[in-house]
Amino acid sequence: MIFAREELREGMVRLSKAPNAATNPVANPAGFPVITYGMGEPVKIHMNDEVVDFIPIRAAHTGGDTNIKFEKANVLFIGDFYRNFGYPFIDINNGGSLKGMLEGLDATMKSADANTTLVPGHGTLIKRDDIIPYRDMILAVQEKVQQMIAQGKTLQDVLAAKVTAPYDAKVAGGTGTSADRFVTALYQQLKAQGK
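What counts, and where the lines are drawn
- Residues numbered from 1 in each chain as written.
- Predicted model: local features only at pLDDT ≥ 70, side-chain atom pairs only at ≥ 80, totals over all residues.
- Heavy atoms only, no water.
- Helix = DSSP H or I, 4+ residues; strand = E, 2+ residues; numbered from the N terminus.
- Rg over C-alpha atoms; globule rule 2.2 N^0.38 Å.
- Buried < 20%, exposed > 50% of the residue type's maximum accessible area, 1.4 Å probe, protein only.
- Contact = heavy atoms within 4.5 Å.
- Areas by Shrake-Rupley, 256 points an atom, 1.4 Å probe, with all protein chains shown as cover.
- Salt bridge = Lys/Arg side-chain N within 4 Å of Asp/Glu carboxyl O.
- Polar contact = N/O pair within 3.5 Å; in protein donor to acceptor, adjacent residues only side chain to side chain.
- 1 Å grid on protein atoms, 1.4 Å probe; cavity = no way out; pocket = protein on both sides within 12 Å on 5 of 7 lines; lining within 4 Å.
- Points joined across faces, edges and corners; volume = space filled by probe spheres on them.
- Patch = residues over 30% accessible without salt bridge, like charges linked within 9 Å, V, L, I, M, F, W, Y side chains within 5 Å.
- Axes fitted to C-alpha atoms, helices over the stretch in contact; angles between N-to-C directions.
- Parallel < 35°, antiparallel > 145°, perpendicular 65-115°, else oblique.
- Left-handed = near helix turned anticlockwise from the far one by under 90°.
- Nonpolar A, V, L, I, M, F, W, Y, C, P; charged D, E, K, R; others polar.

A. How the structure looks around the overall build of the protein chain. Helices and strands together make up the secondary structure of the protein chain, namely six helices and seven strands. Reading the helices (α) and strands (β) of the protein chain from amino to carboxyl end gives β-α-β-β-β-β-β-α-β-α-α-α-α. Compactness check: the protein chain gives a C-alpha radius of gyration of 18 Å against a globular reference of 16 Å for 195 residues, within 12% of the reference. Counting only C-alpha atoms, the protein chain reaches 55 × 50 × 30 Å along its principal axes. Considering the protein chain as a whole, with its 195 residues, one finds that 43% of them fall into the buried category. Here the contacts in the protein chain between residues at least 6 apart in sequence split such that 59% fall between residues at least 24 apart. Per element, the accessible surface of the protein chain, about 10,400 Å² overall, is 56% carbon and sulfur.

Pasting the structure below:
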């Protein structure tokens, strides 16, 4: 039995109906989640003297993000909308959004205390306070991109301006490709919003 967000199941069903579905391994209906949950209250599972909370996060890295908290162990798996290797990855093609990523980071900070161990999808273990500079960096780069859009700059102009430069030395794995992917996602989302 497979347990996942409703948005993830819907995406798998859509893939199974796509023209190239036969070449995609997740297109087999036998592998689709059987039990799904959406936004709202966390789902709690009690097992082996532990309480595990599945906390749905609005479209952040993808359209079906979930934080998983082990209450007694005080460990929180936060998935891919936080990473300390490379720049943030907003997977727009799979439902991710800048707004959701920022909301996810806020929700994570509310779910964690100073002693909670956070497990990102990419990178090393962190603590709650490590999220603050990450969020601040996203907001600062977002502001620079917004300013350039307001000035009529194209995506190529924004990429050439290297708006992530103040953070490049601090972001492990912050290669040009990672930075460009992040800035491109910001540009696309902000431009679409008319900002």
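B. Geometry of the pattern of salt bridges. Tallying each qualifying case throughout the model produces six salt bridges. Between Lys 44 and Asp 53 there is a salt bridge, with the nearest N and O atoms lying 2.8 Å from each other. When salt bridges with common partners are traced through the structure, they connect Lys 44, Asp 53 and Glu 71 into a single cluster.

C. Inspection of the side chain of Asn 67 at higher detail. As for its placement among the helices and strands, Asn 67 is situated in strand 5 (residues 65-70). A polar contact of 2.9 Å, which involves the side chain of Asn 67, links it to the side chain of Thr 108. Look past the residues within four positions of Asn 67 in its chain and what remains in contact with it is Asp 53, Phe 54, Ile 55, Ile 57, Leu 76, Phe 77, Ile 78, Phe 81 and Thr 108.

D. Inspection of the layout of surface pockets at higher detail. Each pocket or cavity is described by its volume, and for the largest pocket that value is around 520 Å³. Lining of the largest pocket is provided by 27 residues; of these, Leu 8, Thr 62, Gly 63, Gly 64 and Asp 65 occupy positions nearest its centre. Of all the secondary structure elements, the ones that give two or more residues to the lining of the largest pocket are strand 1 (3-5), helix 1 (6-16), strand 5 and strand 6 (75-83). Among the elements that make up the lining of the largest pocket, the one with the highest residue count is helix 1 (seven residues).

E. Representation of a nonpolar patch on the surface within the structure. A surface patch of nonpolar side chains, about 250 Å² in accessible area, is lined by Phe 3, Val 34 and Ile 35. Within the secondary structure layout, Val 34 lies in the loop between helix 1 and strand 2 (35-37).

F. Molecular detail of the packing of helix 3 (residues 131-150) against helix 6 (residues 176-192). Look at helix 3 against helix 6: their axes get within 10 Å of each other, and the N-to-C directions meet at 55°. It follows that helix 3 is oblique to helix 6 by the angle criterion. The interaxial crossing formed by helix 3 with helix 6 has right-handed handedness. Contacts from Met 137, Ile 138, Val 141, Gln 142, Val 145, Gln 146 and Ile 149 in helix 3 reach Phe 182, Val 183, Leu 186, Tyr 187, Leu 190 and Lys 191 in helix 6. Classifying every residue of the contact of helix 3 with helix 6 by side-chain character gives ten nonpolar, two polar and one charged.

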